Amino acid sequence: MTVGTSLTPEFWERFALLFVLAMGVTFVLAATFDALAVRLLRSRTQRTPPRTTHLEQRIDHRMSTHG
């Protein structure tokens, strides 16, 4: 004896609608947060001047051996 409910066409219509709606919301939120992250990274790199490493500073201060 099996007791079960059959999945009606109305169930599948609602399931498909909610599934597509959930996917749409997920994609919109992902794109929004991605754009926000890119905007924050771009503004952060424009504000701070490029750092010179300790090695670059040593190379810049060496005397020239040419000549």
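All values reported here derive from a predicted model rather than from experimental measurement.

> So what exactly am I meant to see when it comes to the overall build of the protein here?
On a plain count of helices and strands, the protein comes out with two helices and zero strands. Across the 67 residues that make up the protein, the buried fraction comes to 0%. For the protein, the accessible area works out to roughly 7200 Å², and carbon and sulfur atoms hold 65% of it.

> Even after reading the chapter, I still don't get the pattern of salt bridges, so can you show me in this structure?
Two side chains with opposite charge may pair up if their charged atoms get near one another. Under the defined criterion, the tally for this structure stands at one salt bridge. A salt bridge links arginine 14 to glutamate 10, with the shortest nitrogen-to-oxygen separation between them at 3.0 Å. Taken as a pair, arginine 14 and glutamate 10 lie in helix H1 (residues 9-47) at a separation of four residues, close to a single helical turn.

> Would you mind showing me how to read the packing of aromatic side chains here?
Aromatic rings considered in pairs are described by the distance between their centres and by the relative angle of their planes. Enumeration over the complete set of coordinates arrives at four aromatic pairs. For the pair phenylalanine 11 and phenylalanine 15, a centre-to-centre distance of 6.1 Å together with 20° between the ring planes defines the contact as stacked. A residue pair is termed a helical-turn pair when its members lie 3 or 4 positions apart in one helix, as phenylalanine 11 and phenylalanine 15 do in helix H1 at four residues. A relative accessible area of 37% places phenylalanine 11 in the partly exposed class. A relative accessible area of 44% means that phenylalanine 15 is categorised as partly exposed.

> Quick question: what am I supposed to make of a nonpolar patch on the surface here?
Taken together, the side chains of Leu7, Phe11, Trp12, Phe15, Phe19, Val20, Met23 and Phe27 define a hydrophobic patch exposed on the protein surface, amounting to about 840 Å² of accessible area. Of the residues examined, phenylalanine 19 reaches a relative accessible area of 46% and is grouped as partly exposed.

Reading the values: rules and limits
- Residues numbered from 1 in each chain as written.
- Predicted model: local features only at pLDDT ≥ 70, side-chain atom pairs only at ≥ 80, totals over all residues.
- Heavy atoms only, no water.
- Helix = DSSP H or I, 4+ residues; strand = E, 2+ residues; numbered from the N terminus.
- Buried < 20%, exposed > 50% of the residue type's maximum accessible area, 1.4 Å probe, protein only.
- Areas by Shrake-Rupley, 256 points an atom, 1.4 Å probe, with all protein chains shown as cover.
- Salt bridge = Lys/Arg side-chain N within 4 Å of Asp/Glu carboxyl O.
- Phe/Tyr/Trp six-rings, centres within 6.5 Å; stacked < 30°, edge-to-face > 60°.
- Patch = residues over 30% accessible without salt bridge, like charges linked within 9 Å, V, L, I, M, F, W, Y side chains within 5 Å.

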